[in-house]
Every structure is written in C-alpha cells, then in structure tokens.
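Secondary and tertiary structure notes
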Amino acid sequence: MTRVVVIDYGMGNLHSVGKALESVAEFERVIISSDKEQLKQADKIVFPGVGAIKDCMAALSLDLRETVLEQIKNKPTLAICVGMQMLLESSEENDGVEGLNILNGKITKIKSNDHIKVPHMGWNKVKFLKDHFLLRNIPDSSFFYFVHSYCCLESSDALAETEHGRNFISALEKDNIFAVQFHPEKSQAEGLKLYKNFLDWSI
Amino acid sequence: MSVSKRIIPCLDVDKGRVVKGVNFLNIRDAGDPVEIAKRYDNEGADEITMLDITASHETRDTTYKTVEDIASQVFIPLTVGGGVRNIDDIKTLLRSGADKVSINTSAVENPDFVKAAADKFGSQCIVVAVDAKARNGEEGSWEVVTYGGRNRTNIDVVEWTQQVQEYGAGEILLTSMDRDGTKEGFDNNLVSKVSGSIPIPVIASGGVGNLDHLIDGIKIGGAEAVLAASIFHFSEYSIAEAKEAMRASGIEVRI
C-alpha cells in the first residue's frame, strides 16, 4: 500500500489536507506525522505550511529538517503555500529568512494599492505555463483558493502563474517536486483532482 | 484581473442545528449544517461562514463536532465565529477543521487577543468581526457595538479596523447593525469608508434583500466579499443566480 505522509511540524491546516487526500485515496494510506521513521517509510510526501515563514522554519527542527531534505530528494513531494515558499532560496518576510534552496526563486511582499488587497485572499485563476501530470484533467485557468501576503515573482522552475495586481508564480515543479502557492484542499473539485493526480503520480 | 469577489453564505448554528429558518427543497434535513453547507458548496459558494450562536458555553463540543463534520465533506474555506474567547478556543476550532476563526466581542474587550492570535496562528486565519452602528446625529461616523447591538462602545469603527489590522487581523467581517435584518441593502457608506482605509479585505454584511444589493456592496462599497444568510436560506435566490448576476454586472467571480 502506498504510504502518503503529511509532515506534521506544527504548522499547517493538516486536518484539511488529510481529509482532502483521504477523500480521493483509493489504495493509499494517508498518515499525518512528524515521526522520522514514518517519513523514511513514506512513498510520497506532502509538505504543508501556514503562518509566518520564520515560525515555519523554526518549527522544522534541525533534526527533522535533515530527514525532510533527505526524503524529498527522490520521493514524489507536494509542497503547499508556505511549504512551497520554504523550498525556495529566500523570503523577505520577517526581515529576511533563508529557504531550503531546492527550487529556484525568491519570495517578496505583495504590494497593496487602491485595487489590490493584501493578503491575496480568495479564488483566482491559475494559468498553466507548461504541462504536467498533476494538472491532468484540470482545465487551464481554473480557479484555486489562495491566502498569502508574499509571493514568488520569477523562477526557472515556474509551472503556472496568477495575476493579483501583477503576475506571480502560483505553481512550480522540478523533478520529483510539485509546489503550489494555493490550497488544493480548499479549492473544491479542481483541488481534489490535483490531489488525485498526486496520488496517481509515479516518477 | 486580480482575485475574484467572493460570495459567502452564513449559517447561524444553535446547539448544532441551523436556525433562523432554512427552507430548501430536496434536502433531507433542513436543520443539519452539514447538509446545508454541502448544498451551498454545490451551488458555487466561495466560502462558508458558520456562526455559533449557542448561548451556553457547555455545548462547545457540539460546535467542534459540527465543524469537523462540515470540514470533512466540504472542501472550500470554512470560517467559524461566535464565542471565540481565548487561544485554546482557536486552536480547537482549527484542529476541528476551521480554516479561519472570527473574533468579535473578545477583540473589543481585549484587543491584545487579536495580536496574540495572529502571532500564534498567522493573520490568514484571523478574521475580526466588527458590528457597526451609526453614531446618532453624526453623518458618516460609526461606532463599534457589542452584544448584538445592545452595547455601544464609543469606539470609532474606522479607527478600530485600522488598529486590529495593525495587530494582525487578516480580514474584517463588517456588519451594519442598522441594516441587519432590514433587507434594505448594505450600508455602503460604511463599507466604502472602512474598505478605503485598510489594506486587508473587507466582507460586507447586514441588510441583503436582493441580488442588486450584493452587486452594490462590491461596486459601491468596494467590498472584497459579500456575506448573506436569509436570501440564500429561503431559496429566494441560489448562489449560482447571485454569481450570474454579479458577472453580468461586470464583476469577476468564480463560476
């Protein structure tokens, strides 16, 4: 049985992610855990994250961080929201935080103005820049649910973009890693399709 | 384009049952919050807000169970408000599956609670609900009220929303107590004044009687989202109809 481990390091709406994965799982077992052994035995890894990136990085203890880095080298991995941001090089949030440097790109603050509210909160279109297995059966420019105040504007790993005042990168991919700024677990049918595709993904 | 404008149906829940009348055909149990949430989800609701109006604090477990049941079956954002008094209340709600919590009276009584909550859980899940009433005799001025409008606080609404935004609120749920229940439409002067003075999204609430009111809340009030209860509960309009009307008026919505 395929074991999907959602990393529980104290940051993230794990209930929502877990329930959404379970609702599309057929043969997979969804495990929410911070246990290093569980992570080592995982076939697939989900890396969520909400809140401030400094807190997320701090919550990922040195110990766990090493295991995570080791395990996401080859296993199919899905990173969500601040989980995605943590995989990049750095973020200017909290006066500057270093990332895990697995994906290309930096995180900067979204600028508000008369028409643009921050946080970017709500449903927005995700425009695909290229094709990917995880986008299977999902129409281009589908709506997904976002909540964030920081974003990635440029990346050589960009897979999709979204406009809020200006274009930013809403999904990235590289080898075994798929990372999204939006929340598939809150994005109704299209979000569940993405989770289903993740479960079906083999690399 | 930027982010779509949102329609948020609100469920008032007392001891685990939806109250204030829900009247749907083809629904097995019209008092069951899960059934109703699923119905709204199918119709295209962008989020769901559940307001726990249970007077007694002893039935809190029922609330958590309801949140868990909705969150297990409805995969759109869920905000829960009513009786959120401390950090533990928030933690339990989020663990039960709420995505955001709405803080009202406790914020007014202790503004630092907003700061503590946002620091601990992140601004993205802290909604501050503000009940506003026009100040007697003062044009364009509103004060914060609590306890369903019975208690006036003399706190200026615009200053208050600026303060809680600085303290880390991610969103404001702004209810006009002058309009609530009247079906005369939002107080768009209020919505526009508040929305224009803070960078975070404002959800307009109180007074919706028809679909034009929803459109006005966004076009005139400048709200990012509109919240309504009764027009959807009694099937006067479906959420799908509301979205069609908004789109026809040129508002970007998720359809």
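This report concerns the structure included in the present document. (Residues numbered from 1 in each chain as written. Chains lettered and ligands numbered in written order. Predicted model: local features only at pLDDT ≥ 70, side-chain atom pairs only at ≥ 80, totals over all residues. Heavy atoms only, no water.)

Examining the packing of helix α8 (residues 211-219) of chain B against helix α10 (residues 239-248) of chain B
All names here are of chain B. Taken N-terminus to C-terminus, the directions of α8 and α10 make an angle of 50 degrees; their axes are 9 Å apart at the nearest point. It follows that α8 is oblique to α10 by the angle criterion. Crossing of α8 against α10: the hand is right-handed. Residues Leu211, Leu214, Ile215 and Ile218 of α8 pack against Glu241, Ala242, Ala245 and Met246 of α10. Taken together, the residues of the contact of α8 with α10 break down into seven nonpolar, no polar and one charged. (Axes fitted to C-alpha atoms, helices over the stretch in contact; angles between N-to-C directions. Helix = DSSP H or I, 4+ residues; strand = E, 2+ residues; numbered from the N terminus. Parallel < 35°, antiparallel > 145°, perpendicular 65-115°, else oblique. Left-handed = near helix turned anticlockwise from the far one by under 90°. Contact = heavy atoms within 4.5 Å. Nonpolar A, V, L, I, M, F, W, Y, C, P; charged D, E, K, R; others polar.)

Overview of the packing of aromatic side chains
For the coordinates displayed, the defined rule picks out seven aromatic pairs over all chains. Taking 6.3 Å as the distance between ring centres and 50 degrees as the angle between the ring planes, the aromatic pair formed by Phe198 of chain A and Trp201 of chain A counts as tilted. The same class applies to Phe198 of chain A as to Trp201 of chain A, namely buried. Judged by centre distance (6.5 Å) and plane angle (70 degrees), the ring pair of Tyr40 of chain B and Phe232 of chain B falls under edge-to-face. With Tyr40 of chain B in helix α1 (residues 33-43) and Phe232 of chain B in helix α9 (residues 230-233), this residue pair connects regions lying 192 residues apart in the sequence. The same class applies to Tyr40 of chain B as to Phe232 of chain B, namely buried. Within the aromatic cluster, the residues linked to one another by ring pairs are Phe144, Phe146, Phe168 and Phe182 of chain A. Its end group placed over the ring of Phe198 of chain A, Lys44 of chain A keeps NZ or CZ at 5.5 Å from the ring centre. For the cation-ring pair, Arg254 of chain B lies above Trp123 of chain A, with the distance from its terminal atom to the ring centre recorded as 3.6 Å. (Phe/Tyr/Trp six-rings, centres within 6.5 Å; stacked < 30°, edge-to-face > 60°. Buried < 20%, exposed > 50% of the residue type's maximum accessible area, 1.4 Å probe, protein only. Lys NZ or Arg CZ within 6 Å of the ring centre and 35° of its normal.)

Observations regarding the interface of chain B and chain A
Often the size quoted for an interface is simply the accessible area lost on bringing the parts together. Counting from both sides, the interface comprises 38 residues of chain B and, opposite them, 31 residues of chain A. For the pairing of chain B and chain A, the buried interface totals around 2700 Å² over both sides, and the portion due to carbon and sulfur atoms is 55%. Joining chain B to chain A, the criterion identifies two salt bridges. We note a salt bridge from Lys125 of chain A to Glu252 of chain B, for which the minimum N-O separation is 3.8 Å. Viewed at the interface, chain A and chain B are joined by 14 residue pairs in polar contact (both at pLDDT 80 or more). Breaking the side of chain B that touches chain A down by element, the ones donating at least two residues are α2 (60-73), α3 (87-96) and α5 (112-121) of chain B. (Buried area = accessible area lost by both parts, 1.4 Å probe. Salt bridge = Lys/Arg side-chain N within 4 Å of Asp/Glu carboxyl O. Polar contact = N/O pair within 3.5 Å; in protein donor to acceptor, adjacent residues only side chain to side chain.)

Quick look at helix α6 (residues 188-200) of chain A
An ideal rise of 1.5 Å per residue puts 18 Å on 13 residues; α6 of chain A measures up with 19 Å between its terminal C-alpha atoms. Among the residues making up α6 of chain A, those that are buried are Glu190, Gly191, Leu192, Leu194, Tyr195, Asn197, Phe198 and Leu199 of chain A. (Expected span 1.5 Å × (residues − 1).)

Thoughts on the pattern of salt bridges
Applying the stated rule across the entire model yields 26 salt bridges over all chains. Across the salt bridge formed by Lys130 of chain A and Glu173 of chain A, the nearest N and O atoms sit 3.3 Å from each other. Separated by 43 residues along the polypeptide, Lys130 of chain A in the loop between β8 (120-128) and β9 (142-148) and Glu173 of chain A in strand β12 (residues 166-174) bring together distant segments of the chain. Residue Lys130 of chain A is classed as partly exposed on the basis of its relative accessible area of 37%. A residue is classified by how much of its surface remains accessible, and Glu173 of chain A, at 16% relative accessible area, is buried. Between Glu171 of chain B and Lys100 of chain B there is a salt bridge; the shortest N-O distance is 3.0 Å. With Glu171 of chain B in strand β9 (residues 171-176) and Lys100 of chain B in strand β5 (residues 100-103), the pair connects residues that are 71 residues apart, well separated along the chain. A relative accessible area of 1% places Glu171 of chain B in the buried class. Taken together, the salt bridges that share partners define one network made up of Glu26, Arg136, Lys196 and Asp200 of chain A.

Comments concerning the side chain of Asn176 of chain A
Residues and elements named next belong to chain A. Within the element layout of this structure, Asn176 appears in the loop between β12 and β13 (177-180). A polar contact of 3.4 Å, which involves the side chain of Asn176, links it to the backbone oxygen of Lys73. A distance of 2.7 Å separates a polar atom in the side chain of Asn176 from the backbone oxygen of Lys75. With residues up to four places along the chain from it excluded, the contact list for Asn176 reads Ile72, Lys73, Asn74, Lys75, Pro76, Thr77, Trp201 and Ile203.

Section: unusual backbone geometry
Note: most residues except glycine have negative phi, and most peptide bonds are trans. The omega torsion across Val118 of chain A and Pro119 of chain A is 5 degrees, close enough to zero to call that bond cis. Non-glycine residue Ser141 of chain A carries a positive phi angle of around 65 degrees. Looking at the secondary structure, you find Ser141 of chain A in the loop between β8 and β9. The phi angle at Lys15 of chain B is positive, at roughly 50 degrees, despite the residue not being glycine. Mapped onto the elements, Lys15 of chain B comes out in the loop between β1 (6-14) and β2 (17-18). Residue Lys15 of chain B is classed as exposed on the basis of its relative accessible area of 52%.

A short note on the environment of Ile155 of chain B
Residues and elements named next belong to chain B. Following the sequence through the fold, Ile155 ends up in strand β8 (residues 151-156). In this structure Ile155 comes out as partly exposed when scored by relative accessible area, which is 26%. As for Ile155 and Tyr64, which are separated by 91 residues in sequence, their C-alpha atoms are 32 Å apart. In contact with Ile155, other than residues within four places in its own chain, are Val108, Arg135, Trp142, Glu143, Val144 and Trp160.

Some words on the nonpolar core
By size, the foremost hydrophobic cluster in this structure holds 76 residues, and its most contacted members are Ile90, Val128, Val157, Ile172, Leu174, Leu214 and Phe232 of chain B. For Leu214 of chain B, the contacting residues outside a window of four places in its chain are Phe186, Val208, Val226, Ile231, Phe232 and Ala242 of chain B. (Core = buried A, V, L, I, M, F, W, Y, C linked by side-chain atoms within 4.5 Å.)

Digging into the pairing of strand β3 (residues 44-47) of chain A
Looking along a regular strand, one sees side chains alternate from face to face of the sheet. All names here are of chain A. Alternating residues of β3 divide into Lys44 and Val46 and Ile45 and Phe47, and every residue in both groups is buried. Here strand β1 (residues 2-7) pairs with β3 via three bridges, running parallel. Considered in β3, the bridge of Val4 is made with Lys44. Where β3 and strand β4 (residues 77-80) come together, three bridges link them in parallel fashion. If you follow Ile45 over to β4, its bridge partner there is Thr77. (Pairing = 2+ DSSP bridges.)

Everything listed here is a matter of geometry and, on its own, says nothing about what the molecule does.
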